[in-house]
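Structural features, examined
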Amino acid sequence: MLCFLVDGRLYLQALRKMIELAKDHMTRGSTNEAICLLSHVLEERRGLNGDDDPRTLSAMGLIVSLLHELGRLDQAVVLAREWSVRCRRVFGICHPDTLIASGFTVSLLSELGCDEEAEPIARETHAAATLYHGEDHPDTLVALSHLGVVLRSQGKLAEAEEAMRLEVSRSTQALGTAHPDTLTAQSNLAYTLVTQVQPALHQMEQGSKSLNKVAACISLDAHMTSCCSDHLTHRLVYSPTRYRCYPSPSSLKQRSSSASSLISALLHIPRPTRSHA
């Protein structure tokens, strides 16, 4: 590397070569090697171009993605927070790069259980994506999905259901019923409905009021089970234009099994009898 310090242009060429080599490592699954190279590139970019330069921010995004892939979530979320804040300042909240950084930050925070911190970012990201892309664009639907999951995790089930129903409807129209994003949306909605009706097991007098939720669970559960395993694998997808967290088929089947058991139990709850005066 010392020979490249003599000439600024050659030095920049060296950084580009390191990025290409890091991407090659990523393609071959050598994630640790890729992180080492990109971390060096990031530090050099910070010193050469500044923390807010788009090339510095691009390196941040690649490292965040790799850290997540390695399961180093605590490190990933620290860098993701910085990436998101700097993108907002440099590009504005509606810029595609900011939407990607913010969406990734929400996903990581949610995985770590920091849903209270994630919620305002998720709301802002969905609003900004709607303004930039339109309400039916796939990236806007992803942002809506993130918001719904964050709301559910905080127990805000009615609001989560509303967001998820909207996502299912729009995703079905825009992408079709068999698209992985639509299947993920249906899965999330079904799980939210199941979560809502669970208290009926402990409060039998509410059973009859919950049966409409159960019917929705059955319909979504059947479709989800038949379709998801052929299409979905667990990954957090990051590219220059897209990011999305897809649940694994085994995870969806486990949800489906839990939903079916709950539905069976609920259907056997005695209905309240009316007293005749």
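What this report covers is the structure whose coordinates are included nearby. Just so we're clear, the structure is a prediction, and the values are computed from it rather than from any experiment.

Cut-offs used in this document
Residues numbered from 1 in each chain as written. Predicted model: local features only at pLDDT ≥ 70, side-chain atom pairs only at ≥ 80, totals over all residues. Heavy atoms only, no water. Salt bridge = Lys/Arg side-chain N within 4 Å of Asp/Glu carboxyl O. Helix = DSSP H or I, 4+ residues; strand = E, 2+ residues; numbered from the N terminus. Buried < 20%, exposed > 50% of the residue type's maximum accessible area, 1.4 Å probe, protein only. Core = buried A, V, L, I, M, F, W, Y, C linked by side-chain atoms within 4.5 Å. Contact = heavy atoms within 4.5 Å. Axes fitted to C-alpha atoms, helices over the stretch in contact; angles between N-to-C directions. Parallel < 35°, antiparallel > 145°, perpendicular 65-115°, else oblique. Left-handed = near helix turned anticlockwise from the far one by under 90°. Expected span 1.5 Å × (residues − 1). Phe/Tyr/Trp six-rings, centres within 6.5 Å; stacked < 30°, edge-to-face > 60°. Nonpolar A, V, L, I, M, F, W, Y, C, P; charged D, E, K, R; others polar.

Applying the stated criterion across every chain yields a total of 16 salt bridges. A salt bridge links Glu159 to Arg123; its shortest N-O distance comes to 2.7 Å. Taken as a pair, Glu159 in helix α8 (residues 157-175) and Arg123 in helix α6 (residues 115-133) lie far apart in primary sequence, 36 residues in all. Residue Glu159 is classed as partly exposed on the basis of its relative accessible area of 32%. With relative accessibility at 33%, the residue Arg123 sits in the partly exposed group. In this structure, the salt-bridge partner of Arg170 is Glu135, at a minimum N-O distance of 3.1 Å.

If you look at the biggest cluster of nonpolar residues, it comprises 36 residues, and the most contacted ones within it are Val64, Trp83 and Leu108. The element contributing the most residues to this core is helix α3 (residues 54-69), with eight residues. If we ignore the near neighbours within four places in the chain, the residues touching Val64 are Ala76, Leu79, Ala80, Trp83, Phe104 and Leu108. Counting six residues, the second-largest nonpolar core is a separate cluster that includes Met164, Val168, Ala185 and Leu189.

Moving on, we come to the packing of helix α4 (residues 73-91) against helix α5 (residues 96-111). Interhelical geometry of α4 versus α5 gives an angle of 150 degrees and a closest axis separation of 8 Å. When the axes of α4 and α5 are compared, the pair comes out roughly antiparallel. Crossing geometry of α4 relative to α5 is assigned as left-handed. Residues Leu73, Ala76, Val77, Ala80, Arg81, Trp83, Ser84, Cys87, Arg88 and Phe91 of α4 form the contact with α5, whose own contacting residues are Asp97, Thr98, Ile100, Ala101, Ser102, Phe104, Thr105, Leu108, Leu109 and Glu111.

The next subject is the environment of Pro96. With respect to the element layout, Pro96 can be found in helix α5. Pro96 sits in the partly exposed class, given a relative accessible area of 25%. Between the alpha carbons of Pro96 and Ala128 there is a distance of 9.5 Å; along the sequence they are 32 residues apart.

As for its placement among the helices and strands, Ser102 is situated in helix α5. According to the relative accessible area criterion, Ser102 is buried, its value standing at 2%. When near neighbours in sequence (up to four residues on either side) are disregarded, Ser102 contacts Ser84, Arg88, Ile121 and Thr125.

With that settled, consider helix α2 (residues 31-49). With 19 residues, α2 extends 25 Å between its outermost C-alpha atoms, agreeing within 8% with the 27 Å of an ideal straight helix rising 1.5 Å per residue. Those residues of α2 that sit buried are Thr31, Ala34, Ile35, Leu37, Leu38, Val41, Leu42, Arg45 and Arg46.

Time to look at the packing of aromatic side chains. A complete count under the given rule lists one aromatic pair for this structure. Relative to Phe104, the ring of Trp83 has its centre 6.2 Å away and its plane inclined at 55 degrees; by these criteria the two rings are tilted. With Trp83 in helix α4 and Phe104 in helix α5, this residue pair connects regions lying 21 residues apart in the sequence.

Moving on: the side chain of Glu119. Position of Glu119 relative to the elements: it lies in helix α6. When its relative accessible area of 9% is taken as the criterion, Glu119 is described as buried. Look past the residues within four positions of Glu119 in its chain and what remains in contact with it is Leu147, Val150, Leu151, Gln154 and Lys156.

Moving on, we get to α6. An α-helical turn contains 3.6 residues, so a residue and the one three or four places further along point in the same direction. Between the first and last C-alpha of α6 there are 25 Å, a value that for 19 residues agrees with the 27 Å anticipated at 1.5 Å per step. What α6 keeps buried is the set Asp115, Ala118, Glu119, Ile121, Ala122, Thr125, His126, Ala128 and Ala129. Positive backbone phi, at 100 degrees, marks Gly134, one or two positions downstream of α6.

Two elements in contact, α3 and α4, have axes whose closest approach is 9 Å; the angle formed by their N-to-C orientations is 155 degrees. Judged on the interaxial angle alone, α4 and α3 are roughly antiparallel. Helix-helix and strand crossings are classified by hand; for α3 and α4 the assignment is left-handed. Contact with α3, carried on its side by Pro54, Leu57, Met60, Gly61, Ile63, Val64, Leu67 and His68, involves Leu73, Gln75, Ala76, Leu79, Ala80, Glu82, Trp83, Arg86, Cys87, Val90 and Phe91 of α4 and no other residues of that element. For the contact of α3 with α4, the class distribution of residues is 14 nonpolar, three polar and two charged.

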